[in-house]
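Chain and residue survey
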Amino acid sequence: MAKNYIVSDYYSEFVKNNLENCHFHSFAAMQSNGIKDCLKCFDQKNWENRNTIIDNWDYTFQKQKRLSKIISERLSLHFKYNYSNKFWNYLFSLNLLKYITILYNFFSIVEKEFRTNKFLINELNLKKVDPCCNFESTTNFLNINKIGKEFLLTIYYLNFIKKENYPPEFEENTVGSQAISISKTFKTFKKFISQKSVSYDKLKVGIIGSFFDHKTLNQLKEKSGFKISDLSLPPSNKSSSRSTLLRSKIFDDFDEMDRFDKFFLSCSKFIFPTDLIEDLDFNLSKHENFLNKLRNLEYIVTEAWLGSTEINIFRSIAFEKKSVKTLYNEHNCFFHPYLGGLVEFQSNLVDQYLTMGWNNKNPKFITTSSLFPFTFNRKTKSKIKYLYVSYPIIESKTFYTSLYSNSDYSGYVHLLFVQKFFSLLEDHFLNQISYRGYPKDYNVKLSILGKEYFLKNYLDKMNILPSLKFSGPSCREQIASSELVIIDRPSTAYLESLHMNIPTICFFDPTTMFLSEEHNDFFDDLIDAKIVHTTPDSASRHLIEVFESPQDWWQSKKVQDLKNKWLKRNFGKPDVLVNYLLNLAQQ
């Protein structure tokens, strides 16, 4: 008997009453439908290793190259553009690869399932799906919205199962009272978009979306005579409806397509961002007009380009019209030690990659420093005895790199690691731990699984701290107020605690967070210092050992020397980047 294929909780009532006749697409689909024993039910068929990460990275990277070329050629033909390849690379940037990765992650699972089984499918009415304006809202729709999952399943079904009735018929502009307006469902983070007119007469180095310390940014402005300043882009004020005719041209079939190409094109006819299709000409003209007011602009310094459609539109036209260069000041997290070619790919999308201090022989990379405020000035004595900083488990990878080891099967393994760690601690240890979950108001939307649900038996014995990004005490502030910090994934928090010289225990699971051969010793110094732990047994045993007096361990010469050696190797002093930018302004 064929089972119902379930990708979300869209049909939760049906699932509740017909559980034995349901097959779940993912761990997330099980959890969202309230399957209490979903850890036991979790199918490890999607287990990944070094080879699968490399293969998936190579596949999505090659798709990005080919699809961006095809789309750019078709847009050029339609709008009569004659822009360079570099313009199009800047325009699509990482966002297109992220979009492809999300689609491929879903497609690859369904493809395996449907080639060996027969399932029942509930079709979503595609007439009700209206595209978002930008990539940010589109990826949010696909990542966290139940309709996004149902949309992908319906596209797959219509293309490969129910071919005779595809494509569906719809009018030129399909919006109405019953339409699902994705653009209205998600509010894009517009921190770098200006609502007022600002004078930039002297501006030579524009900083857009770089999370610099405010004091340092003000010093850069003053010392450069305002040749360096933060730059706010003009607001978006147009969002067109889908043009079926235009999209049928841009996303038409091409030679030597595989099944994923067909899936990609079919999805994109509905949900590819309007900012880069229907409104592309308008957006480029808007930003060119703004660019003309910046008579002396020569450089854009940015890290938010990593995920901002608006910034990438601006920097693409700024390069094309005035040869303005993009300098990427590295985001406050290390990607380069991990498997997958993400950092090299990023470097090819900018003119210079300014590292936080680590070295790379490629001339695209310049060893500088970070102006991110990793530290927090502690004005009072420690208020939190032992702080646990928790990172989320997410449904699918943003990119195929092993840094994103908190998703798919690797997320399941991470959860087992954390459960084992807590299980090895007696209650009187747990009672003194304060738990900070992942911020619920974070602007980067992810399909976050209920990690706390599976840890409830342990969390009931801990103090649960408030965890919001835009209100209340920040994670950095809570770290600064702690006697010891436990961090369950190497991302930003462990860098903050190390910079503040707070006793730190950080989890690093080498069975999922694969390091590249070039950087396989990246954490060795921190492992030797017992700061980084590769097993839950090691982490729990060390916490018990230092529990009564973490400073005795932390202030030992060996630990301080190893920690400082690691920081010195990977971080430059802030003055390095400050002087680099000031020199650009004075040239």
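Before reading on, note that the structure itself is shown above.
A brief report on the enclosed structure follows.

Calculation criteria
- Residues numbered from 1 in each chain as written.
- Predicted model: local features only at pLDDT ≥ 70, side-chain atom pairs only at ≥ 80, totals over all residues.
- Heavy atoms only, no water.
- Core = buried A, V, L, I, M, F, W, Y, C linked by side-chain atoms within 4.5 Å.
- Buried < 20%, exposed > 50% of the residue type's maximum accessible area, 1.4 Å probe, protein only.
- Helix = DSSP H or I, 4+ residues; strand = E, 2+ residues; numbered from the N terminus.
- Contact = heavy atoms within 4.5 Å.
- Pairing = 2+ DSSP bridges.
- Axes fitted to C-alpha atoms, helices over the stretch in contact; angles between N-to-C directions.
- 1 Å grid on protein atoms, 1.4 Å probe; cavity = no way out; pocket = protein on both sides within 12 Å on 5 of 7 lines; lining within 4 Å.
- Points joined across faces, edges and corners; volume = space filled by probe spheres on them.
- Nonpolar A, V, L, I, M, F, W, Y, C, P; charged D, E, K, R; others polar.
- Right-handed = clockwise from strand over helix to strand, strands pointing away.
- Salt bridge = Lys/Arg side-chain N within 4 Å of Asp/Glu carboxyl O.
- Expected span 1.5 Å × (residues − 1).
- Polar contact = N/O pair within 3.5 Å; in protein donor to acceptor, adjacent residues only side chain to side chain.
- Phe/Tyr/Trp six-rings, centres within 6.5 Å; stacked < 30°, edge-to-face > 60°.
- Lys NZ or Arg CZ within 6 Å of the ring centre and 35° of its normal.

**Some words on the nonpolar core**
If you look at the biggest cluster of nonpolar residues, it comprises 165 residues, and the most contacted ones within it are F151, F263, F264, F272, Y494 and W566. In terms of residue count, the dominant contributor to this core is helix α5 (residues 85-116) (17 residues). When neighbours within four sequence positions are excluded, F264 is seen to be in contact with L67, I71, L96, Y99, I100, L103 and F272. Grouped together as the second largest cluster of nonpolar side chains are 17 residues, I207, L217, L371 and A585 included.

**A look at the sheet that holds strand β16 (residues 463-464)**
Pairing within the open sheet is parallel, and its six strands lie in the order β16-β14-β12-β17-β18-β19. In the strand order of this sheet, the two ends are held by β16 and β19 (532-533), each with one partner. Bridge count between strand β14 (residues 433-436) and β16: two bridges; the pairing is parallel. The residue of β16 that forms the bridge with Y435 is I464. Set on the sheet, helix α22 (residues 536-546) makes contact with β17 (482-487), β18 (504-507) and β19; between it and β18 the angle comes to about 170°.

**Describing empty space enclosed by the protein**
Taken as a whole and judged by the stated rule, the model has three cavities of 30 Å³ or more. By volume, the largest cavity is sized at about 90 Å³. As for the largest cavity, its lining consists of 13 residues, and the residues nearest its centre are S405, H414, D488, D509 and M513. A total of three residues in the lining of the largest cavity trace back to one element, the largest contributor, which is helix α15 (residues 408-423). Of the residues contributing to the lining of the largest cavity, the split by class is five nonpolar, five polar and three charged. The space that makes up the second largest cavity amounts to roughly 50 Å³. Along the walls of the second largest cavity sit N4, Y5, I6, Y11, L120, I121, N122, E150 and L153, which together make up its complete lining. When residues of the lining of the second largest cavity are traced back to their parent elements, those giving at least two are β1 (3-6) and α7 (146-160). Partitioned by chemical class, the residues of the lining of the second largest cavity number six nonpolar, two polar and one charged.

**A word on the pairing of β18**
Both faces of β18 are covered, namely the face carrying T504 and C506 and the face carrying I505 and F507. Bridge analysis of β17 against β18 gives three bridges, and the strand direction is parallel. Residue pairing across strands places I487 opposite C506, the latter belonging to β18. Following the backbone out of β17, through helix α20 (residues 493-499) and into the adjacent parallel β18, one traces a crossover that is right-handed. Bridge count for β18 against β19 is two bridges, and the pairing is parallel. Bridge pairing in β19 places F507 opposite H533.

**Comments concerning the pattern of salt bridges**
Taken as a whole, this structure holds 20 salt bridges when the rule is applied. Across the salt bridge formed by R295 and D201, the nearest N and O atoms sit 3.8 Å from each other. A residue pair is termed long-range when its members are at least 10 positions apart, and R295 in the loop between α12 (280-292) and β8 (299-302) and D201 in the loop between α8 (182-185) and β6 (205-207) qualify at 94 residues. We classify R295 as exposed; its relative accessible area is 60%. When salt bridges with common partners are traced through the structure, they connect K63, D258 and D261 into a single cluster.

**A closer look at α7**
Taking 1.5 Å per residue, 15 residues should reach 21 Å; α7 reaches 22 Å between its end C-alpha atoms and fits that length. A large share of α7 lies buried, amounting to 14 of its 15 residues. One side-chain oxygen of the residue at the start of α7 lies 2.7 Å from the amide nitrogen of I147, identifying that residue as N145.

**What about helix α13 (residues 309-322)?**
Taking 1.5 Å per residue as the helical rise, α13 with its 14 residues ought to reach 20 Å, and the 20 Å between its terminal C-alpha atoms agrees with that figure. In terms of burial, α13 is a largely internal element, 11 of the 14 residues being buried. Turning to α13, its buried residues number three or more, namely T309, E310, I311, N312, I313, F314, R315, S316, I317, A318 and F319. Looking at the residues trailing α13, positive phi occurs at S323, about 55°.

**Let's talk about the packing of aromatic side chains**
The final tally for this structure, using the stated rule, is 66 aromatic pairs. Here F334 and F522 contribute two aromatic rings whose centre-to-centre distance is 5.8 Å and whose plane-to-plane angle is 75°, an arrangement assigned as edge-to-face. In this pair, F334 is assigned in the loop between β9 (325-329) and α14 (342-347) and F522 in the loop between β18 and α21 (524-528), connecting sequence segments 188 residues apart. Its relative accessible area of 2% is what places F334 among the buried residues. The class of F522 is buried, set by a relative accessible area of 6%. With a centroid separation of 6.4 Å and an interplanar angle of 35°, the aromatic rings of Y388 and F421 are classed as tilted. With a gap of 33 residues between them, Y388 in strand β12 (residues 384-389) and F421 in helix α15 connect regions that are remote in the sequence. Classification of Y388 as buried rests on a relative accessible area of 0%. Stacked on the ring of F160, the Lys or Arg R259 has its end atom at 4.3 Å from the ring centre.

**Digging into the side chain of K451**
By the element assignment, K451 lies in helix α17 (residues 451-454). A distance of 3.0 Å separates a polar atom in the side chain of K451 from a polar atom in the side chain of S390. Aside from chain neighbours lying at most four places away, what touches K451 is S390, Y391, I393, H414, L415, V418, Y435 and D488.

**Considering the sheet that holds strand β3 (residues 119-120)**
Taken in spatial order, the three strands make up an open sheet running β2-β1-β3, and their pairing is parallel. Only two strands of the sheet have a single neighbouring strand rather than two, namely β2 (22-24) and β3. Across three bridges, β1 lies against β2 in parallel orientation. When the bridges of β2 are listed, Y5 appears paired with H23. In the packing of α5 onto the sheet, the strands contacted are β1, β2 and β3, and the crossing angle to β1 comes to about 170°.

**Structural notes on the environment of K63**
Following the sequence through the fold, K63 ends up in helix α4 (residues 50-79). Residue classification places K63 among the buried positions, given a relative accessible area of 10%. Separated by 38 residues in sequence, K63 and T101 place their C-alpha atoms 9.6 Å apart. Contact partners of K63, with chain neighbours within four places excluded, come to S68, I100, D258, F260 and D261.

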